[in-house]
Amino acid sequence: MKAAKWNDYSVIATGDGYKLERWGDVVLLRPDPQVIWPASLDMEHYPALAAKYVRRGGGGSWEKLKKFPDEWTVSYRDLKFKVKPMGFKHTGLFPEQAVNWDVMDKLIRNAGRKISVLNLFAYTGGATVACAAAGAQVCHVDAAKNMVERAGENLRLSGLENAQVRFIVDDCKKFVQREIRRGRRYDAVIMDPPSYGRGPNGEMWKLESELFPLVKLCMDVLSDDPLFFLINSYTTGLQPQVLENILRLNFGSRGRAEAYEVGLETEEGIVLPCGCSGIWTAESR
């Protein structure tokens, strides 16, 4: 599935391990390991280029080429998000996830009832904002306090300051365990787990060994009438079928499980792959 409905974002060109992107009025050049083909234009000398991320050893940093705001806002439909050049080449938003925002929006609006959503590894809240805009109650959980704070800003930017959203800074697994003990249930679960990571108290996370047990654990936090379960992955080498298998093994014959690559349609007329997603829904969409 490809995100092709953006107005405030586009991939201008790709090649030689980089992608040239327009974020509103700001053009950035960032590395992308999926881009193994030659560039169609000289991206480093693109006239509007404002900054590029330069790799240095095991890390890197941003090199500013033109004057632009430290942070600014981009929109997708009626949703608004704050972006800025951050560490590890990120901007605080993954625009390819718009395809999943649209899917969840439709499921929630068509449910005919109030839907409660648990968003794990929720980062700066793209999915949280999308689900809240669709009318859902959302519990947003991430171990990074600054990312949770940014999610709150995005919610307010989108005019959803009165939406029913709880923001939690915590280790996702421990939080789910506590919710189960408290008897709290959700109609939908979203998770966007990292390949590797640490919780606020040094808890180790490795996707290959932790993902299936976490999905299995989350089955006990679902309501008796669940709507959907969405898993995102950016782990190199992990195929969409793996996510579909995990969902099928946990849900059995109930509902429908499917998985797909997620990508961005570029101005060059190609699709840039950006990870994969797997979704279980209670009924065929």
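Structure's up top.
Keep in mind that what you see is a predicted model, and the values were worked out from it rather than measured.

Peer 1: What should I look at first to understand the side chain of Asn100 in this one?
Peer 2: In this structure, Asn100 sits in helix 1 (residues 98–109). Residues contacting Asn100, with those up to four places away along its chain left out, are Leu230, Asn232, Tyr260, Val262 and Ser277.

Peer 1: Which parts of the structure should I look at to understand the sheet that holds strand 4 (residues 26–31)?
Peer 2: Within a sheet, neighbouring strands are paired by backbone hydrogen bonds and run either parallel or antiparallel to one another. Read across the sheet, five strands follow the order 2-3-4-5-6 without closing on themselves; strand pairing throughout is mixed. Edge positions in the sheet fall to strand 2 (9–15) and strand 6 (59–64), since each of these pairs with one other strand and no more. Each adjacent strand pair in this sheet contributes to an overall mean axis angle of 20°, direction not counted. When strand 4 meets strand 5 (residues 49–56), the two strands line up parallel, connected through three bridges. Paired with Leu28 across the two strands is Ala51, which belongs to strand 5.

Peer 1: For this particular structure, what's the right way to read helix 6 (residues 240–251)?
Peer 2: The α-helix winds at 3.6 residues per turn, so residues separated by three or four positions along the chain end up facing the same way. Between its first and last C-alpha atoms helix 6 spans 17 Å; for 12 residues at 1.5 Å apiece the expected length is 16 Å, and the two agree. Of all the positions in helix 6, only Pro240, Leu243, Glu244, Ile246, Leu247, Asn250 and Phe251 are classed as buried. End-on, the buried residues of helix 6 take up no more than an arc of 160°, which puts them together on one face. Packed against the buried residues of helix 6 are helix 5 (207–218), strand 15 (228–233), strand 16 (256–265) and strand 17 (271–281).

Peer 1: Can you walk me through the pattern of salt bridges in this structure?
Peer 2: Scanning all chains against the criterion turns up 19 salt bridges. Two residues, Asp32 and Lys19, come together in a salt bridge whose shortest N-O distance is 3.2 Å. In this pair, Asp32 is assigned in the loop between strand 4 and strand 5 and Lys19 in strand 3 (residues 18–23), connecting sequence segments 13 residues apart. Across this residue pair, the class does not change: Asp32 and Lys19 are buried. The salt bridge partner of Glu179 is Arg184, with a shortest N-O separation of 3.2 Å.

Peer 1: Is there a simple way to explain the packing of aromatic side chains in this structure?
Peer 2: Two numbers describe a pair of aromatic rings. These are the distance of the centres and the angle of the planes. This model, assessed by the stated rule, comprises 12 aromatic pairs. Centroid distance Trp6 to Tyr76: 4.9 Å. Interplanar angle 50°. Geometry classified as tilted. Taken together, the positions of Trp6 in the loop between strand 1 (2–3) and strand 2 and Tyr76 in strand 7 (residues 72–76) put the pair 70 residues apart, joining distant regions of the chain. The two residues Trp6 and Tyr76 agree in class, both being buried. Both rings, one in Trp6 and one in Trp101, keep their centres 6.2 Å apart while their planes meet at 65°; by these two values the pair is edge-to-face. Of this pair, Trp6 sits in the loop between strand 1 and strand 2 while Trp101 sits in helix 1, and the two are 95 residues apart along the sequence.

Parameters at a glance
- Residues numbered from 1 in each chain as written.
- Predicted model: local features only at pLDDT ≥ 70, side-chain atom pairs only at ≥ 80, totals over all residues.
- Heavy atoms only, no water.
- Helix = DSSP H or I, 4+ residues; strand = E, 2+ residues; numbered from the N terminus.
- Contact = heavy atoms within 4.5 Å.
- Pairing = 2+ DSSP bridges.
- Axes fitted to C-alpha atoms, helices over the stretch in contact; angles between N-to-C directions.
- Expected span 1.5 Å × (residues − 1).
- Buried < 20%, exposed > 50% of the residue type's maximum accessible area, 1.4 Å probe, protein only.
- Arc of directions from axis to C-beta.
- Salt bridge = Lys/Arg side-chain N within 4 Å of Asp/Glu carboxyl O.
- Phe/Tyr/Trp six-rings, centres within 6.5 Å; stacked < 30°, edge-to-face > 60°.

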